[in-house]
Each structure stands twice: as C-alpha cells, then as structure tokens.
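Residue-level structural notes
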Amino acid sequence: MRRRIPSAKSTPPHRSSHSFATANSKRTHFDVSTSHKFFRSGFALTDRFPNPAASRQTPVVGILGGVGSGKSSVIRQVTGIQFHIIDADRTGHELLDNPEIQTALRSRFGDDVFKHDGAVDRSQLAKRVFGDSPEHEESRLALNEIIHPAIRRNINTEIDSASRDVDAVILDAALLLEGGWDAKCDWLIFVDTPLAIRQERVRDNRGWSAEELAKREASQWSIEAKKERADFVVDNSGSIDHAAAQMKHVLSSLLSTGSR
Ligand SMILES: CC(C)(COP(=O)(O)OP(=O)(O)OC[C@H]1O[C@@H](n2cnc3c(N)ncnc32)[C@H](O)[C@@H]1O)[C@@H](O)C(=O)NCCC(=O)NCCS
Ligand SMILES: Nc1ncnc2c1ncn2[C@@H]1O[C@H](COP(=O)(O)OP(=O)(O)OP(=O)(O)O)[C@@H](O)[C@H]1O
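Residues numbered from 1 in each chain as written. Chains lettered and ligands numbered in written order. Predicted model: local features only at pLDDT ≥ 70, side-chain atom pairs only at ≥ 80, totals over all residues. Heavy atoms only, no water.

A word on the layout of surface pockets
For the largest pocket, the calculated volume is near 1300 Å³. In terms of lining, the largest pocket is formed by 44 residues, of which the most central are Asp89, His93, Phe130, Ala174 and Arg216. For the lining of the largest pocket, the secondary structure elements donating two or more residues are α3 (71-76), α4 (88-95), α6 (122-129), α7 (134-161) and α8 (195-206). Broken down by element, the residue count for the lining of the largest pocket peaks at eight residues, all from α7. A breakdown of the residues in the lining of the largest pocket according to their chemical character gives 18 nonpolar, 16 polar and ten charged. (1 Å grid on protein atoms, 1.4 Å probe; cavity = no way out; pocket = protein on both sides within 12 Å on 5 of 7 lines; lining within 4 Å. Points joined across faces, edges and corners; volume = space filled by probe spheres on them. Helix = DSSP H or I, 4+ residues; strand = E, 2+ residues; numbered from the N terminus. Nonpolar A, V, L, I, M, F, W, Y, C, P; charged D, E, K, R; others polar.)

Listed below in structure tokens is the structure:
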C-alpha cells in the first residue's frame, strides 16, 4: 500500500471552505493519531507510510462509485490538471482480443460467447456472468480469473511508466476494491450518484434496464462499502460540469498538500 498522508504543514483538503466536495465523514481529519484507516490497518505508521520526501512519485488516485455513477465521465471532464487515466474497463475490452485470453474463454464458456467473426460476444458473456444464481457467480469468478491477472499487470505497467510530467495517475476501475487494486492508490474518491439517476442515465445511454444495472451492481462490493473506503466524495447527481468542478477541487487540494 502506497497510501500517504499530507505533511503536518499542509492544509487538509477537507478543511477548505468549499463545501460541495466533501471529505468522507468517517475520515474527519488527517491527524495520524486518529486516522480511521491507520487504526483499521493495524500496521505501524512507518510500515504504511513511506517517507514522502524520500520516495516522491506521481500520486495514484482511485475512482470509486456505483455502476454508472459517472466515474469515467466526471474525471474526463476535469481540466487544468495533467493526469494519466488508466481505464480498466477499456483494458478489459482490449484483452478480449488477446489470443490466449480467447483460448481460455472458449475452453471455459464455449463457442456461444463468440461471434461468427471470432470476436468475443460481450453481451453473451455478460448474460453468463451477471446474475445471482450459483452458475452466474461461478462463471463470473472464472472470467475474473482469466482476465484480471492481465488487467492487474496492465495497471502496474501503466502506473510504473506514467510520466513524471503528469500531476497524478488516475485509476478508473469499476472493480478497484474487488481486484485489490486500491493497494496501488494513494487516495480514493467516490462518485456519488443516487440509484434512480444512475438507472435513468444507463437506460438512456447504454440501453440497460434497471435489472441489468442491478445484476452488475450485485456482482460488486456494496455502494456503502465503497463509499466507506473512500477518502473523498463527489456528488454527481447534477450536471457533469458541477461534478467535474468538485473533482478538480479535490484533486487540486490533494496535489497541493505538498507531501509528495
Ligand atoms: C462481461 C463483459 C464481457 C461485459 O461487457 P460489457 O461491454 O457489457 O460491459 P463493460 O465491460 O463495459 O463493463 C461495464 C460495467 O460492468 C461492470 N462489470 C464488468 N465486469 C465486471 C465483473 N467481472 N464483475 C462485476 N462487474 C463487472 C462494471 O461496473 C463495468 O464498469 C466485460 O465486462 C468483461 O469482460 N468483464 C471482465 C473484465 C472486468 O472485470 N472488467 C472490469 C474491469 S474494472
Ligand atoms: N452528471 C451527468 N449528467 C448526465 N449524464 C451523466 C452524468 N454523469 C454521467 N453521465 C452518463 O451516465 C452514464 C454512466 O457514466 P459513466 O460511464 O461515466 O459511469 P461509470 O461509473 O464509469 O460506469 P461503470 O460503472 O459502468 O464503469 C454515461 O452514459 C454518462 O454519459
């Protein structure tokens, strides 16, 4: 875990006068003696927090949120900060073209999840893995076992190769916690969007039914667990610009703490 804390001299972001983007209430301040995460971790401080000055690296910020909460859209709308975005959904899509992955998928799921042209049929695979039956769960675990090691490798490679010219590396991964990829993050930001609004947006933009969203959401950590893990919460129930302004504020605050 590379999680770091702001230096004692810095102004904790959540104490800013801006109220629209909130620090997680469970993490009311960054004092190390009362750090929520510090106590939960059970590690000595020196084990968990490398000396920032001695190991200055580009910070990694993970984006959390419910399915269709706007994780990808909001971060891409932020301007004025140089960051490198790792898009794990896109990596997952690209890996479906990988011959070794395809062989493993054909062996586990059969020809049904392939189109006539040989490409993986994502909608057929989705039908097999999203749902609450034991078969769905088994299939989902199998899919994850086939594809997640490669996603993990890609995340590691991208973080390592991210230019030092960028201010931050953003990890946009729906399964950030489930995959244990939060271990690579210094900070976690939760994009908060009520279910009804998410249902409406994914219906309009992806053609998903409320059931489709629910099946995918049931395959992931609960909203509450994700929110609880986050350091900051950004509200995306309004316009994308409003959410992006909050995101920018949080990121700017983090990056200006001077501890890195
Ligand atoms: C099952 C697949 C083919 C469905 O493709 P489809 O185009 O319908 O969905 P897409 O990949 O765009 O994912 C949309 C959303 O579904 C959810 N989701 C995707 N995969 C999973 C999964 N394995 N478990 C839980 N939720 C998932 C996420 O919220 C994701 O943002 C595809 O999602 C896939 O290959 N998933 C396994 C790889 C993976 O875990 N990707 C997510 C990396 S963070
Ligand atoms: N503030 C907003 N106003 C209107 N539409 C929005 C807003 N935020 C996101 N959307 C739309 O909602 C949909 C979901 O957004 P997005 O794909 O960014 O979510 P996500 O959290 O990355 O999804 P997933 O969990 O599937 O990875 C998209 O179609 C996007 O255009």
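Additional details are given in the paragraphs that follow.
What about the site of ligand 2?
With respect to spatial proximity, 16 residues lie near ligand 2, and among them Lys71, Ser73, Asn205, Arg206 and Asn236 are the closest. Ser69 has a polar backbone atom sitting 3.1 Å from an oxygen atom of ligand 2. With respect to ligand 2, the side chain of Asp89 contributes an N or O atom lying 3.1 Å from an oxygen atom. Protein chains bury 79% of the 630 Å² of accessible surface belonging to ligand 2 in isolation. The cavity that encloses ligand 2 is the largest pocket. Put simply, the parts of the chain that give the shell around ligand 2 at least two residues each are α3 and α8. In the shell around ligand 2, the residues fall into two nonpolar, ten polar and four charged. (Near = heavy atom within 4 Å. Polar contact = N/O pair within 3.5 Å; in protein donor to acceptor, adjacent residues only side chain to side chain. Areas by Shrake-Rupley, 256 points an atom, 1.4 Å probe, with all protein chains shown as cover. Sits in = over half its atoms within 2 Å of the grid points.)

Focus: the nonpolar core
Formed by 36 residues in total, the largest nonpolar core has its most connected members in Leu105, Phe109, Leu171 and Leu176. In terms of residue count, the dominant contributor to this core is α7 (eight residues). Leaving out residues up to four positions away in the same chain, Phe109 has contacts with Leu125, Arg128, Val129, Ser139, Ala142, Leu143 and Ile146. In this structure, Val74, Val78, Val234 and Leu254 belong to the second largest nonpolar core, which totals 20 residues. (Core = buried A, V, L, I, M, F, W, Y, C linked by side-chain atoms within 4.5 Å. Buried < 20%, exposed > 50% of the residue type's maximum accessible area, 1.4 Å probe, protein only. Contact = heavy atoms within 4.5 Å.)

With respect to the site of ligand 1
Among the 22 residues in the neighbourhood of ligand 1, the closest are listed as Asp89, His93, Arg122, His148 and Arg216. Within the side chain of His148, one N or O atom sits 2.7 Å away from an oxygen atom of ligand 1. Protein contact buries 93% of the 770 Å² of open area that ligand 1 shows by itself. If you map ligand 1 onto the pockets, it falls in the largest pocket. Those elements that provide at least two residues to the shell around ligand 1 are α4, α6 and α7. Tallying contributions element by element places α7 first for the shell around ligand 1, with five residues. Among the residues forming the shell around ligand 1, the class breakdown is 13 nonpolar, five polar and four charged.

Points about the packing of α8 against helix α9 (residues 210-218)
Their axes nearest at 9 Å, the elements α8 and α9 cross at an angle of 115°. The two elements α8 and α9 cross, and the hand of that crossing is right-handed. Residue-level inspection shows Leu195, Arg198, Gln199 and Val202 of α8 in contact with α9, the latter providing Ala210, Leu213 and Glu217. Grouping the constituent residues of the contact of α8 with α9 by class yields four nonpolar, one polar and two charged. (Axes fitted to C-alpha atoms, helices over the stretch in contact; angles between N-to-C directions. Left-handed = near helix turned anticlockwise from the far one by under 90°.)

Looking at the UniProt feature "binding site: ATP" (unreviewed entry) in the protein chain
Listed under "binding site: ATP" (unreviewed entry) in the UniProt record, and renumbered for this structure, are Gly68, Ser69, Gly70, Lys71, Ser72 and Ser73. Within the annotated group just given, the residues that line the largest pocket are Gly68, Ser69, Gly70, Lys71, Ser72 and Ser73. Tracing the backbone through its elements, the reader meets Gly68 in the loop between β2 (60-65) and α3. With near-sequence residues (within four places) excluded, Gly68 lies in contact with Arg198 and Val202. Mapping Lys71 onto the fold places it in helix α3. (UniProt positions renumbered as here; feature names shortened; annotations may be inferred.)

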